[in-house]
Amino acid sequence: MFGTISPTLLVAALMVAATPILLAALGELVVEKAGVLNLGVEGMMIIGAICGFAVAVETGSPVAGFAGGALGGAALSLVFGVLTQFLLSNQVATGLALTLFGLGLSSLLGQGYVGIKPPATGRLDFGPLSDLPFAGRVVFGHDWVVYLSLALTVGIWWFLRRSRAGLTLRAVGESHDAAHALGLRVRATRLAAIAFGGACAGLGGAYLSLVRVPQWTEGMTSGVGWIALAIVVFASWRPGGVLLGAYLFGGVTVLQLNLQAAGVAIPVEYLSMSPYLITIAVLVVISARGTRRSLGAPADLGKQFHATR
């Protein structure tokens, strides 16, 4: 039974499945490091999925589609940014509303794109390296977005740990009042982080509709944004942990599909809900404030900032 599952194809599929989760989680990591809790990742991803799909279909260019997805996610995130940073609305409630708004708007925008096939996003050509056993398919057999997500992981680690702007962002997340007293621009820093997080979520959504599926289907994110949120906590707000968590959850998703195809005598419903059960378990473990702080959460995560205080 298990002999029908190819390890090479399993690992390669794992990387593809993990890429949209990784992109969304990396964006949310930067947002939360700035002290903002945006629960609208699911909404930004679905908007990125339809915007990326529509632009790719209309232009015939998948690259333009990914750019459109990123811009769509960033635009929606800035709505959240204005509401929470200038109008001081509750971050949790606004994030949930953003998800509902994104799901509804994407359904409206996507009515004319059901059943249409997008332009293909081809794999990069590495020449003879692509013909190597195992490594040729697993390491050198992917599209450019997979490699971009890996490079982004390294880039965000360097940005947060080694750059002045990254240190500023972390300072804002740890104590926005102290950062403001030092003359740092708290709102501008947080708005930039929110826009970046939205662009990453939109890019992840576009990857779902242009590569992972590839087609437009209403509600196609199917909880991926919530998994990305859980992964940020699971990773203790570290880019390396986010990479590990995304590949772990991507692996669980792919494995349950392969087990279904292999005819494992487990009800399909149990296998399908396994990634989400793990997500719930992670969220339950870290729900306590003391647990969250011990894991390294930014001290001012989710707190409102008012410059006149």
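Every value quoted in this text rests on a predicted model; they were computed, and no experiment measured them.

What counts, and where the lines are drawn
- Residues numbered from 1 in each chain as written.
- Predicted model: local features only at pLDDT ≥ 70, side-chain atom pairs only at ≥ 80, totals over all residues.
- Heavy atoms only, no water.
- Phe/Tyr/Trp six-rings, centres within 6.5 Å; stacked < 30°, edge-to-face > 60°.
- Helix = DSSP H or I, 4+ residues; strand = E, 2+ residues; numbered from the N terminus.
- Buried < 20%, exposed > 50% of the residue type's maximum accessible area, 1.4 Å probe, protein only.
- Axes fitted to C-alpha atoms, helices over the stretch in contact; angles between N-to-C directions.
- Parallel < 35°, antiparallel > 145°, perpendicular 65-115°, else oblique.
- Contact = heavy atoms within 4.5 Å.
- Nonpolar A, V, L, I, M, F, W, Y, C, P; charged D, E, K, R; others polar.
- Core = buried A, V, L, I, M, F, W, Y, C linked by side-chain atoms within 4.5 Å.
- Patch = residues over 30% accessible without salt bridge, like charges linked within 9 Å, V, L, I, M, F, W, Y side chains within 5 Å.
- Areas by Shrake-Rupley, 256 points an atom, 1.4 Å probe, with all protein chains shown as cover.
- Salt bridge = Lys/Arg side-chain N within 4 Å of Asp/Glu carboxyl O.
- Polar contact = N/O pair within 3.5 Å; in protein donor to acceptor, adjacent residues only side chain to side chain.

A short note on the packing of aromatic side chains
And step 1. Applying the stated criterion across every chain, the model contains six aromatic pairs.
And step 2. Their ring planes at 85° and their centres at 6.2 Å tell us that Phe53 and Tyr113 sit as a pair that is edge-to-face. Note that Phe53 is positioned in helix 2 (residues 41-59) and Tyr113 in the loop between helix 4 (91-109) and helix 5 (135-138), a separation of 60 residues in sequence.
And step 3. Classification of Phe53 as buried rests on a relative accessible area of 0%.
And step 4. By relative accessible area, which is 15% here, Tyr113 ends up buried.
And step 5. With a centroid separation of 5.3 Å and an interplanar angle of 80°, the aromatic rings of Phe66 and Trp144 are classed as edge-to-face. Note that Phe66 is positioned in helix 3 (residues 62-85) and Trp144 in helix 6 (residues 144-162), a separation of 78 residues in sequence.
And step 6. The buried category is assigned to Phe66, whose relative accessible area is 2%.
And step 7. For Trp144, a relative accessible area of 28% translates into the label partly exposed.

A word on the packing of helix 7 (residues 164-174) against helix 9 (residues 186-212)
And step 1. Where helix 7 meets helix 9, the axes come as close as 10 Å, and the angle between the chain directions of the two elements is 105°. For the element pair helix 7 / helix 9, the angle class is roughly perpendicular. In contact with Thr168, Leu169 and Val172 of helix 7, helix 9 contributes Val186, Thr189, Arg190 and Ala193.
And step 2. Tallied by class, residues from the contact of helix 7 with helix 9 come to four nonpolar, two polar and one charged.

Some points on the nonpolar core
And step 1. If you look at the biggest cluster of nonpolar residues, it comprises 66 residues, and the most contacted ones within it are Val41, Phe66, Trp216, Ile231 and Val242.
And step 2. Sort the elements by how many residues they give to this core and helix 1 (residues 7-33) lands first, with 13 residues.
And step 3. Each residue touching Trp216, except ones within four places of it in the same chain, is listed here: Ile46, Ala49, Ile50, Phe53, Ser106, Gly110, Tyr113 and Val114.

Digging into the environment of Ser149
And step 1. Structurally, Ser149 is set in helix 6.
And step 2. A relative accessible area of 0% places Ser149 in the buried class.
And step 3. Sequence-wise, Ser149 and Gly204 are 55 residues apart; in three dimensions their C-alpha atoms are separated by 9.4 Å.
And step 4. Discounting residues that sit within four places of it in the chain, Ser149 has contacts with Thr19, Leu22, Leu23 and Leu26.

Re a nonpolar patch on the surface
And step 1. Taken together, the side chains of Val79, Val82, Leu83, Phe86 and Leu87 define a hydrophobic patch exposed on the protein surface, amounting to about 430 Å² of accessible area.
And step 2. Following the sequence through the fold, Leu83 ends up in helix 3.
And step 3. You can call Leu83 partly exposed: its relative accessible area is 33%.

Topic: the pattern of salt bridges
And step 1. Applying the stated criterion to the full structure yields one salt bridge.
And step 2. When the shortest N-O distance is used, the salt bridge between Asp300 and Lys303 registers 3.5 Å.

Topic: the environment of Gly52
And step 1. Mapping Gly52 onto the fold places it in helix 2.
And step 2. C-alpha of Gly52 to C-alpha of Ser209: the two residues are 157 residues apart in sequence and 7.6 Å apart in space.
And step 3. The contact partners of Gly52, leaving out residues within four places of it in the chain, are Gly65, Gly68, Gly69, Ala206 and Leu210.

Here's the deal with the side chain of Ser163
And step 1. Examined against the element boundaries, Ser163 turns out to sit in the loop between helix 6 and helix 7.
And step 2. Within the local environment of Ser163, its side chain forms a polar contact with the backbone oxygen of Phe159, the two atoms lying 2.5 Å apart.

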